[in-house]
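# Summary of structural features
The chain contents come next:
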Amino acid sequence: MGLSSASTATEAIKLCIFDLRRGQQEGQELDKILFFFPADLPFSTQLSVIGLSEGLITFTRIFSPEAACELIEAERHSHVFYEAEPDIWMVMIVEKNESEAIWRIAALQKVLKEVHSLFLMFHGSIRALLEKEPAGGLIRAHLHPFMMDYLRVTKFSACQKWSPLDNCCWDFLFGKKLLLPSFRDCLKECGTVQMLNVSREAAIEVQSLVRLLESCAGSSPCYSLILFQDLLVSTTLSPVDTINLFTYAVLRLTPRTISSGVSSWSYLRKGSTGSSVTAGYTLAHSASVPDQYYCLPDTSPSGDNNYHVVRPLKRDRWSKAKDGFLVTDIWSAEAGSSTSATPTIWLQQTEERMYLCAYQFRSLTLILVVPVASILNGEQLVSLVKQQVLENASLKMLKVEEKLSKGWGGENAYHVSGYRYLLVDVDRNVSRASPPGKVTTLTKDQVLRTVIVKGPKVGRLFPLQFSIPKVVSLACTTTANVNEVWHKKF
């Protein structure tokens, strides 16, 4: 991610979400707080932080009414702002340290944007949940577990053994403290995808597979996303939905994140009755009481005691069934229920609710999304789509995986000898970086034209502007454009 020159773990880092439309009456100030980290800070401290943030937002609007406040640099803190939705703000406050170099503020802003985009994909807008339950209990019950799961999204530790193929995801939580990664820990740009270079012959096979997958849904519209390892190969989704689903896939659906503990089939077998459709699998390691739900006392007038909230970012909840489809109990119909429900997401581009089906064959991960509204019989027809995929596309998937594996250069395929780099194509939201195993060889992290190593090999980390020539891609068409590279030359 390359946020700063040195990893920082400090309770002085605060993260909050609040609604400017709430808590305007005296004595109701707490109503505006939707999420706050650390949560154990006194309410007076939380209100002080949010009050200061609200004051800065209001003050900057005097000078820039059309553009939202993004950053305030104070003597001892950096205040990073992101207006996720109208009047709903996410703010990160980072304490400055004289021993550290400059923060990449844009990277911090992208962290806030990414977590909100993922929240939209699974739960819809914050404002819609507030309107559904104005007391605020429903949105808090959604935000708290989602934010905490995101902050501990993938464990990474310098003292742990890890594969060079691991995408450099970051566990922001270190105990009860918020930890921000350094350039040496991770080179990754939030809000971008990493793509696989494919040959012309492989690209034709991939395109043929995409058309075949779309036909498996019959008359229903169907979108697909194809990954090899942790790299994007093809997508028929819009750019914003591609980024969101790719981000989630890398976190939870690619081969390195999936266990193989499921011994049953994921879909309705021939001869099965319709009543058994939703009980197609059982996770090998399911807890006696599912912990994918987060329950809070209900303060709404309806008097319901608990909110049952799906936690899609929770670890170790996806497994691979015998037929190759990925299964999870996260979307179980009720808390404590052993039956399954097909995962659903929201597409931002079309604002449609979609069924999500993921299939895995060796290093290939296929994701299909089908509109919920287009499937009258729900779970039963989803299982039939899965059956069609296995019967009609298995041989093509085998051929595509073999061709991509043959052309794959391994974890160091994009390594440039002597460099540690992060390339960001700002027009296409595509990035590429040095392999994680190479990034960890940096001996000292600095940023922005400062020496990062000492001795016979001296280099500097700095932004470099250049143009990328046109290339052929199934995911999107590219044109020559200016890009940004953060790199280190020995």
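Below you will find a few notes about this structure. This one's a predicted model, so the numbers in the text were calculated from it and none came from an experiment.

Before going further, it helps to spend a moment on a nonpolar patch on the surface. Together, Phe59, Ile62 and Phe63 line one region of the surface with nonpolar side chains, adding up to about 390 Å² of accessible area. Residue position: phenylalanine 63 is located in helix α1 (residues 43–63).

Between its first and last C-alpha, helix α5 (residues 200–215) extends 23 Å over 16 residues, near the 22 Å set by a 1.5 Å rise per residue. What α5 keeps buried is the set Ala202, Ala203, Glu205, Val206, Leu209, Val210 and Leu213. Seen from one end, α5 has its buried residues packed into an arc of 160°, which puts them on one side. Those residues of α5 that are exposed and angled more than 90 degrees off the buried face are Arg200 and Glu201. Residues of α5 that are buried sit in contact with β9 (223–228), β10 (231–235), β15 (364–371) and α7 (379–407).

Spatially, the five strands line up as an open sheet ordered β3-β2-β6-β5-β4, and their pairing is antiparallel. The two strands at the open ends of the sheet, each matched to only one other strand, are β3 (33–37) and β4 (71–73). Recorded for the sheet is a direction-independent mean angle of 10° between the axes of neighbouring strands. Pairing of strand β2 (residues 14–19) with β3 involves four bridges; the strand directions are antiparallel. Of the residues in β3, the one forming a bridge with phenylalanine 18 is isoleucine 33. Sheet contacts for helix α2 (residues 105–123): β2, β4, β5 (77–85) and β6 (88–95); angle to β5, the most-contacted strand, approximately 30°. The sheet strands contacting helix α4 (residues 137–151) are β2, β3 and β6, and the helix crosses β3 at an angle near 25°.

Moving on: the packing of aromatic side chains. Applying the stated rule across the entire model yields nine aromatic pairs. Measuring from ring centre to ring centre gives 5.1 Å for phenylalanine 59 and phenylalanine 63, while their planes differ by 70°; the resulting arrangement is edge-to-face. Of this pair, phenylalanine 59 and phenylalanine 63 are both found in helix α1, four residues apart, which corresponds to roughly one turn of the helix. Take phenylalanine 63: its relative accessible area is 62%, and that puts it in the exposed class. Arranged with centres 6.2 Å apart and planes meeting at 65°, the rings of tryptophan 318 and tryptophan 331 form a pair that is edge-to-face. Taken as a pair, tryptophan 318 in strand β11 (residues 318–320) and tryptophan 331 in the loop between β12 (326–328) and β13 (344–346) lie far apart in primary sequence, 13 residues in all. Note on accessibility: tryptophan 318 and tryptophan 331 belong to one class, buried. Cluster of aromatic residues (ring-pair linked, three or more members): Phe122, Tyr248, Trp318 and Trp331. Taking the ring centre of phenylalanine 325 as reference, the NZ or CZ of lysine 386 above it sits at 5.4 Å. The side chain of arginine 432 reaches across the aromatic face of tyrosine 414, ending 3.7 Å from its centre.

What counts, and where the lines are drawn
All residue numbers refer to positions counted from 1 along the written sequence of the respective chain. The model is predicted, so local features are restricted to residues of pLDDT at least 70 and side-chain atom pairs to those at 80 or more, both for listing and for counting; the totals for chains, interfaces and linings are taken over all residues. The basis for the side-chain values is all heavy atoms of the structure; hydrogens and waters are excluded. Only residues above 30% relative accessible area that lack a salt bridge enter a patch, with like-charged residues linked at up to 9 Å and the nonpolar side chains Val, Leu, Ile, Met, Phe, Trp and Tyr linked at up to 5 Å. The accessible surface values rely on the Shrake-Rupley method and a 1.4 Å probe; as for residues, cover is taken only from the protein chains in view. The salt bridge definition used is simple: a Lys or Arg side-chain nitrogen within 4 Å of an Asp or Glu carboxyl oxygen. Helix numbers and strand numbers start at the N terminus; a helix is a DSSP run of H or I with at least 4 residues, a strand a run of E with at least 2. Each helix should span, by expectation, one fewer than its residue count multiplied by 1.5 Å. Think of it in three bands: with a 1.4 Å probe and only protein chains considered, a residue is buried below 20% of the maximum accessible area for its type, exposed above 50%, and partly exposed in between. The reported arc concerns the directions from the helix axis to the C-beta atoms and nothing else. Only heavy atoms enter the contact rule, under which two residues are in contact if any of them lie within 4.5 Å. At least two DSSP bridges between two strands are required for those strands to pair. Interaxial angles span 0 to 180 degrees and are taken between N-to-C directions of axes, which are lines fitted to C-alpha atoms, for helices over the stretch in contact. Any two rings among Phe, Tyr and Trp, with Trp reduced to its six-membered ring, count as a pair given centres within 6.5 Å; such a pair is stacked if its planes are under 30 degrees apart, edge-to-face if over 60, and tilted if neither. A ring is considered to have a charge above it if a Lys NZ or an Arg CZ atom is located within 6 Å of its centre and within 35 degrees of its normal.

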